[in-house]
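# Chains, contacts and geometry: an overview
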Amino acid sequence: MSYSFILTEIHDRVGLIRFNRPKALNAFNRPLMEELVQALEDFDNNASIGAMVITGSDRAFAAGADIKEMVEASAVDMLLADNLGIWDRIRGIKKPLIAAVSGWCLGGGNEVAMMCDMIIASETAKFGQPEINLGVIPGSGGTQRLAKSVGKAIAMEMVINNRTLSAEEAYRFGLINRVVPVEVYLDEALKLANEIGARAPLAVRSGKEMVNQAFETFLKEGVVDERRAFYFLFSSDDQKEGMRAFIEKRDPEWKGK
Ligand code: CAA
């Protein structure tokens with residue numbers, strides 16, 4: 001199958017998906033997310049594949065959801081289009097998913113990385129939830145998954161004060177599995193995926209499901225509440241101002257309404 005915004009390859013028993021919107025730093029528009037989910041589900045249903053790796057470029061795993069796609073949306077537009085609903089299908093993937101991250105891993109990019117089962121990062125990776133700069137909050141599980149993986153203190157700084165983590169910090173705080181030189185992060189992720197892909201498939205599937213269950217109990221409700229809050233912020237002037245200011249390359253002026 002040919003795609004417009006991603007590239008797919010097979011390496012031994014591993015399905016590799018590369019985001020391919022370099023000019024927008026792999027920002028996730030709706031067609032990209034539809035392609036990602038389709039490719040993941042195809043690999044999941046392919047008996048010769050044991051695990052999947054998702055990656056971007058050395059410069060950016062992904063800079064988040066596409067701001068230009070949603071800047072003028074109202075809260076009702078957001079709710080009806082429910083562009084983030086499709087992201088949930090990533091959590092339905094049964095085979096192990098590894099994110100190979102280099103460069104910017106921001107907003108929705110970090111949320112997709114956190115939906116993966118493991119994260120291998122290059123030394124240049126930078127993790128953040130900068131939605132606060134746009135007058136909104138993370139909308140695809142960021143507040144919930146961050147709090148559970150790095151703990152309240154760091155999650156709070158990231159979500160309400162745009163703290164960005166270096167790869168080394170992300171490793172220390174438990175967000176990622178390991179940090180390796182930029183030249184080898186993808187090879188390292190493929191190697192790990194091949195190793196897991198060669199293990200007993202039913203036990204791997206069950207192990208993934210159970211670890212996620214421990215991690216995600218109560219997550220579902222949290223994610224639904226978060227998404228509602230994210231969509232609601234599109235009824236504020238500050239969301240319009242924040243997103244327009246980003247696109248117009250200027251500082252936003254917050255009004256608090
Ligand atoms: N959406 C749309 N376009 C984006 C984008 C995004 N999230 N991030 C970057 N781009 C575009 C830029 O607009 C720019 O396009 P033009 O060349 O047409 O101007 C291009 O990608 C390159 O970006 P920069 O010139 O800004 O590159 P830089 O190296 O100076 O900065 C960056 C890199 C720090 C990642 C900066 O691009 C940035 O801050 N991006 C936005 C990050 C962000 O706010 N993400 C959160 C999005 S909202 C979200 O994800 C909600 C959710 O929870 C689902």
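For the structure itself, consult the block above.
Everything numeric in this text was worked out from a predicted model, so none of it was measured.

Let us look at the overall build of the protein. Helix and strand counts for the protein stand at twelve helices and ten strands. The globule rule puts the C-alpha radius of gyration for 257 residues at 18 Å, and the 18 Å found for the protein is close to it. Across its three principal axes, the protein shows a C-alpha extent of roughly 55 × 35 × 35 Å. Within the protein, the proportion of its 257 residues that are buried is 50%. Counting only contacts in the protein whose residues sit at least 6 apart along the sequence, the fraction spanning at least 24 positions is 72%. When the accessible surface of the protein is split by element, carbon and sulfur atoms take 55% of a total near 12300 Å².

A few words on the sheet that holds strand E9 (residues 165–166). Strand order in the open sheet formed by four strands is E4-E6-E8-E9, and the pairing between neighbours is mixed. What marks the edges here is a single partner per strand, and that holds for strand E4 (60–62) and E9. Note that strand E6 (residues 104–106) and strand E8 (residues 126–128) share three bridges and pair parallel. Counted as the bridge partner of Leu-106 is Gly-128 from E8. Across the sheet, helix H5 (residues 108–115) touches E4, E6 and E8, and the angle it forms with E6 is around 85 degrees.

Within the structure, the ligand sits among 26 residues, and Gly-108, Glu-111, Glu-131, Gly-139 and Lys-249 are positioned closest to it. Lys-23 has a polar backbone atom sitting 3.3 Å from an oxygen atom of the ligand. Within the backbone of Gly-139, an N or O atom sits 2.8 Å from an oxygen atom of the ligand. Contact with the protein chains hides 74% of the accessible area of the ligand, taken as 990 Å² for the molecule alone. If you map the ligand onto the pockets, it falls in the largest pocket. Elements with a contribution of two residues or more to the shell around the ligand: helix H2 (67–70), E6 and H5. Sorting elements by how many residues they give to the shell around the ligand places H2 first, with three residues. Here the shell around the ligand is composed, by residue class, of 15 nonpolar, four polar and seven charged.

Cut-off values and rules
- Residues numbered from 1 in each chain as written.
- Predicted model: local features only at pLDDT ≥ 70, side-chain atom pairs only at ≥ 80, totals over all residues.
- Heavy atoms only, no water.
- Helix = DSSP H or I, 4+ residues; strand = E, 2+ residues; numbered from the N terminus.
- Rg over C-alpha atoms; globule rule 2.2 N^0.38 Å.
- Buried < 20%, exposed > 50% of the residue type's maximum accessible area, 1.4 Å probe, protein only.
- Contact = heavy atoms within 4.5 Å.
- Areas by Shrake-Rupley, 256 points an atom, 1.4 Å probe, with all protein chains shown as cover.
- Pairing = 2+ DSSP bridges.
- Axes fitted to C-alpha atoms, helices over the stretch in contact; angles between N-to-C directions.
- Near = heavy atom within 4 Å.
- Polar contact = N/O pair within 3.5 Å; in protein donor to acceptor, adjacent residues only side chain to side chain.
- 1 Å grid on protein atoms, 1.4 Å probe; cavity = no way out; pocket = protein on both sides within 12 Å on 5 of 7 lines; lining within 4 Å.
- Sits in = over half its atoms within 2 Å of the grid points.
- Nonpolar A, V, L, I, M, F, W, Y, C, P; charged D, E, K, R; others polar.

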